[in-house]
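# Working through the structure, step by step
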Amino acid sequence: MRTASRRKDCGWKQYSLAFTFGNASEYCQTLNKDYYMQLFLRDMCLMNSCYECGFKSQLGYRRPSDITLADFWGIQKEFPDLDDDKGTSFVVVHSPKGKNLIEKLKGCLVKEIPLEIGTKHNPSYYTACKKPKGRNSFFDSLAKVESGEKDFVWLYKKYGIDSFPQRVYVFTRRCGGKVLRILGLRK
C-alpha cells in the first residue's frame, strides 16, 4: 500500500476511506459501507493507548505540543456559514511557536474562537474514548481472519452491528429527541 486517506469527494458528512496501492490500483468506499471504518468509528480496533490517553484525561486543554489539530465537530451548529461539507479543522495553539506557525498560514480562513465553543461538540478533546465491550475478544477473532479461518465480513457481523435491543434503544432515543424538539422542549 502506498497511501491511505479520508477522501471527501462526497463531502465531509459522507467521507470515504481510500487506499492507493503500489500498482496504482485503488480501493475507495464511503464510511457507511466500509467494514473497517465502521469498526474504527465504534472504537473497536484502536490501540490500547487510545483508551488511556493521558494528554486528554490528565492535562485537559494544557498540552505539551505547540498545537492540537482536530476536526471541528459541530461547526454546522456554531458557525453554519463556515460549514462547506468539506471538513473544518479546529486548531488549539499551546505555545508561541504554535502561534507563529498559525500566523504563517497563507490562503486559509482562520477564525479565532473561544476554546469552549470549539470543544463543545467534541468530548474526545478532553476524554479518552471508552474501551468497547468485546474489544479483547475482537482481537482474538481478528487472528482467525488473519489465519484465513474466517473472513473480514464475519468479523464485521460479529462486532460491527448493534444487537436488536441496541438498535431499538438508539431508534427510540432519536425519535424521542425529535419529538421533544418539535414540542419545543429541547433544542
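Residues numbered from 1 in each chain as written. Predicted model: local features only at pLDDT ≥ 70, side-chain atom pairs only at ≥ 80, totals over all residues. Heavy atoms only, no water.

### Looking at the overall build of the protein chain
Along the backbone of the protein chain there are nine helices and five strands. Its helices and strands in sequence order give the protein chain the pattern β-β-β-α-α-α-β-α-β-α-α-α-α-α, from N to C terminus. Overall size of the protein chain, expressed as C-alpha extent along the three principal axes, is 55 × 55 × 35 Å. The proportion of buried residues among the 187 residues of the protein chain is 27%. Counting contacts in the protein chain only where the partners sit at least 6 residues apart, residues at least 24 apart contribute 50% of the total. For the protein chain, the accessible area works out to roughly 13,300 Å², and carbon and sulfur atoms hold 56% of it. The protein chain carries 33 positive and 20 negative side-chain charges, and their two centres are separated by 5 Å. (Helix = DSSP H or I, 4+ residues; strand = E, 2+ residues; numbered from the N terminus. Buried < 20%, exposed > 50% of the residue type's maximum accessible area, 1.4 Å probe, protein only. Contact = heavy atoms within 4.5 Å. Areas by Shrake-Rupley, 256 points an atom, 1.4 Å probe, with all protein chains shown as cover. Lys, Arg positive; Asp, Glu negative; His and termini not counted. Charge placed at Lys NZ, Arg CZ, Asp CG, Glu CD.)

### Overview of the environment of Ser95
Here Ser95 lies in the loop between β5 (89-93) and α5 (96-103). Between the alpha carbons of Ser95 and Ser65 there is a distance of 7.7 Å; along the sequence they are 30 residues apart. One polar contact links Ser95 to Asp66, side chain to side chain, over a distance of 2.7 Å. Among the polar contacts made by the side chain of Ser95, one reaches the main-chain amide nitrogen of Gly98 at a distance of 3.0 Å. (Polar contact = N/O pair within 3.5 Å; in protein donor to acceptor, adjacent residues only side chain to side chain.)

### With respect to the pattern of salt bridges
Taken as a whole and judged by the stated rule, the model has four salt bridges. Across the salt bridge formed by Glu26 and Arg7, the nearest N and O atoms sit 2.8 Å from each other. Placement of the pair is Glu26 in strand β3 (residues 26-30) and Arg7 in strand β1 (residues 3-7), with a sequence separation of 19 residues. By relative accessible area, Arg7 is classed as partly exposed at 23%. (Salt bridge = Lys/Arg side-chain N within 4 Å of Asp/Glu carboxyl O.)

### What about the nonpolar core?
Membership of the largest hydrophobic core is limited to nine residues, which are Leu39, Met44, Cys45, Phe138, Leu142, Val145, Leu155, Tyr156 and Tyr159. Within the residue set of this core, elements represented by two or more residues are α7 (135-146) and α8 (152-159). Other than its neighbours up to four places away in sequence, Val145 contacts Lys150, Asp151, Phe152, Trp154 and Leu155. (Core = buried A, V, L, I, M, F, W, Y, C linked by side-chain atoms within 4.5 Å.)

### Focus on the sheet that holds β1
Taken in spatial order, the three strands make up an open sheet running β1-β2-β3, and their pairing is antiparallel. The two strands at the open ends of the sheet, each matched to only one other strand, are β1 and β3. Strand-to-strand twist across the sheet, computed as the mean angle between neighbouring axes with direction ignored, equals 15°. (Pairing = 2+ DSSP bridges. Axes fitted to C-alpha atoms, helices over the stretch in contact; angles between N-to-C directions.)

### So, α8
It helps to recall that an α-helix has 3.6 residues per turn; residues three or four apart then point in one direction. What α8 keeps buried is the set Leu155, Tyr156 and Tyr159. Along the long axis of α8, the arc covered by the buried residues comes to 100°, so they all point the same way. Residues of α8 that are buried make contact with α1 (35-41) and α7. (Arc of directions from axis to C-beta.)

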